[in-house]
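Residue-level structure breakdown
Each chain is listed here by its residues.
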Amino acid sequence: MAVEIEKVPQTMRAAVLFGPQDIRVVEKPVPRPGPGEVLVKVAACAICGTDLKILAHPDFLHSPRLGEFTPGHEYSGTVVAVGETVDEFHIGDRVAVEAHKGCGRCENCVMGLYTACLNYGNVAKGHRTVGMTVDGGFAEYVINHVNTLYKIPDNISFAEATLVTTAGTPIYAIDQSGSLVAGETVAILGPGPIGLMAVQVCRAMGADTIFLTGTRPSRLELGKQMGADVTINVRESDPVEVVMDYTRGRGVDLVLECAGGPDSPDQAVRMAKRGGKVVFVAYYKGPVTLDLNVPVRNNVQMYTIRGEGRRACARALSMMSRGLIHAAPFITHRFPLEAIGEALRTFAEDRDRAIKVVVEP
Ligand SMILES: [Zn+2]
Ligand SMILES: [Zn+2]
């Protein structure tokens with residue numbers, strides 16, 4: 001029972017996954033918020049690489065619930081109903097979301113590691129990942145727990161606010177590595193949305209030289225505009241050699257591996273200075289090869305992250321609002337919900353230099 005309900009219809013339009021590469025917009029009941037939850041009317045939902053994985057391999061999800069499940073985890077919107085006990089948000093609040101809600105009862109959640117919840121996927125125990133284990137934002141309405149919501153500052157648009165997880169991920173990566181970034185040299189591998197946002201975050205946090213590697217000249221150029229000092233096209237030169245030349249054989253303090261390619265993990269550990277740090281941020285298509293002797297010999301610290309924990313999304317919004325990082329340049333395409341197939345293809349095929357494709361229900 002919701003304690004505050006605005007005029008919310010009984011049914012809505014929502015994209016539903018029916019099988020591999022089979023997503024259709026259908027009519028579905030509008031969900032009702034339970035205790036601690038709110039109903040969000042979605043204004044914008046961005047497509048992420050993870051959505052393509054879900055679309056291609058629904059088994060990627062714990063239980064794909066084919067014919068019912070709605071993906072989409074990078075969205076923003078307006079609160080239209082609140083459930084029992086909710087006083088953190090009110091009808092009319094503009095909100096951005098983060099995907100992960102930990103169960104709140106396992107030892108990892110208690111320690112603040114809610115993106116690594118030990119009850120991951122267990123809805124009965126209170127865990128949720130919107131757009132993955134429960135319904136997400138490629139719909140007119142979606143349910144969120146209050147601890148996955150952040151009020152959007154007035155100077156941030158709904159479309160920009162869909163980038164909070166893109167920015168929250170490198171912020172969390174820096175957190176987890178215990179790095180300060182200020183005055184440090186950083187190499188960022190892969191100019192995808194997360195790599196480009198990582199450039200902006202590191203620049204804003206006072207990094208010294210920032211290296212950015214990639215293959216697409218247009219993306220590397222954009223990376224330069226966003227704050228990279230040295231861009232390296234890995235098709236033209238060996239990125240490890242370039243970094244070592246620039247740093248006179250020292251290597252960088254911090255490497256953020258956001259490429260997810262077959263060679264990038266090995267490049268990452270070879271670019272780090274002795275005692276430096278590497279964070280593996282990307283997902284990989286399959287097993288990768290790296291010479292583990294290199295980081296062992298050099299005492300390189302290696303970290304992984306899952307998602308955007310420790311309220312990194314709230315900090316991303318703060319940085320956006322203060323003009324330290326910019327989301328607008330990422331939003332290259334917008335589509336209505338009915339055109340979600342076209343939107344997904346535009347993103348998957350990199351059409352017209354697509355970076356972030358936003359669906360607006
Ligand atoms: Zn995502
Ligand atoms: Zn947990």
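Everything below is about the structure shown above.
Figured I'd write up the structure that's included with this text. Source: prediction; values computed, not measured.

Side note on the packing of helix α7 (residues 239-246) against helix α8 (residues 264-271)
Remark: α7 packs on α8, axes separated minimally by 9 Å, with the N-to-C direction vectors making an angle of 15°. Viewed along their axes, α7 and α8 adopt a mutual orientation that is roughly parallel. Here α7 runs over α8; the crossing is right-handed. Every residue of α8 that contacts α7 at P239, V240 and V243 is listed here: Q267, R270 and M271. The residue inventory of the contact of α7 with α8, partitioned by class, reads four nonpolar, one polar and one charged.

Some details on the sheet that holds strand β11 (residues 186-189)
Read across the sheet, six strands follow the order β13-β12-β11-β14-β15-β16 without closing on themselves; strand pairing throughout is parallel. The open sheet has two edge strands with one neighbour each: β13 (230-233) and β16 (301-304). Within the sheet, the average angular offset between the axes of one strand and its neighbour, ignoring direction, is 15°. Taken together, the four bridges between β11 and strand β14 (residues 252-257) define a ladder with parallel strand orientation. What sits directly across from A187, in β14, is V255. Of the strands in this sheet, β14, β15 (272-280) and β16 are in contact with helix α4 (residues 164-177), which crosses β15 at around 135°. Set on the sheet, helix α6 (residues 217-225) makes contact with β12 (210-214) and β13; between it and β13 the angle comes to about 170°.

Description of α6
All of the buried residues along α6 are R219, L220, L222 and G223. Projected onto a plane normal to the axis of α6, the buried residues spread over an arc of 160° and lie on a single side. Turned more than 90 degrees from where α6 packs its buried face, P217, S218 and Q225 sit exposed. For α6, the elements touching its buried residues are α5 (193-204), β12 and β13. Two residues or fewer after α6 comes G227, characterised by a positive phi angle close to 125°.

A few points about the nonpolar core
One finds V186, I188, V255 and L256 to be the most contacted residues of the largest nonpolar core, which totals 112 residues. By residue number, the principal contributor to this core is strand β4 (residues 37-46), which donates eight residues. Each of domain 1 (2-163 + 327-360) and domain 2 (167-304) gives at least three residues to this core. Setting aside its immediate chain neighbours within four residues, L256 contacts P170, A173, V186, I188, A198, V279 and V281. In terms of nonpolar packing, the next biggest core, distinct from the first, is built from six residues, C103, C106, C109 and C117 among them.

A look at unusual backbone geometry
The phi dihedral of Q21 is positive, around 55°, even though this residue is not glycine. When the 14 C-beta atoms within 10 Å are taken as the criterion, Q21 is described as partly exposed. With a phi angle near 75°, T85 is a residue other than glycine that sits in the positive phi range. Note that T85 resides in the loop between β5 (74-83) and β6 (94-97).

Remarks on the pairing of β13
Here β12 runs beside β13; their pairing, made up of four bridges, is parallel. Within β13, the residue paired with G214 across the bridge is N233. Crossover connection from β12 via α6 to parallel β13: handedness right-handed.

Some words on the packing of α4 against α5
Here α4 crosses α5 at 65°, and the two axes come no closer than 8 Å. Seen from above, α4 lies across α5 with right-handed handedness. Two secondary-structure elements touch here, α4 through T166, A167, T169, P170 and I171 and α5 through P193, I194, M197, A198 and V201. Residue composition of the contact of α4 with α5, grouped by class: eight nonpolar, two polar and no charged.

About the cut-offs
Residues numbered from 1 in each chain as written. Chains lettered and ligands numbered in written order. Predicted model: local features only at pLDDT ≥ 70, side-chain atom pairs only at ≥ 80, totals over all residues. Axes fitted to C-alpha atoms, helices over the stretch in contact; angles between N-to-C directions. Helix = DSSP H or I, 4+ residues; strand = E, 2+ residues; numbered from the N terminus. Parallel < 35°, antiparallel > 145°, perpendicular 65-115°, else oblique. Left-handed = near helix turned anticlockwise from the far one by under 90°. Contact = placed C-beta atoms within 7 Å. Nonpolar A, V, L, I, M, F, W, Y, C, P; charged D, E, K, R; others polar. Pairing = 2+ DSSP bridges. Buried ≥ 20, exposed ≤ 12 C-beta atoms within 10 Å, placed from the backbone. Arc of directions from axis to C-beta. Core = buried A, V, L, I, M, F, W, Y, C linked by C-beta atoms within 7 Å. Domains from an automatic or database assignment. Right-handed = clockwise from strand over helix to strand, strands pointing away.

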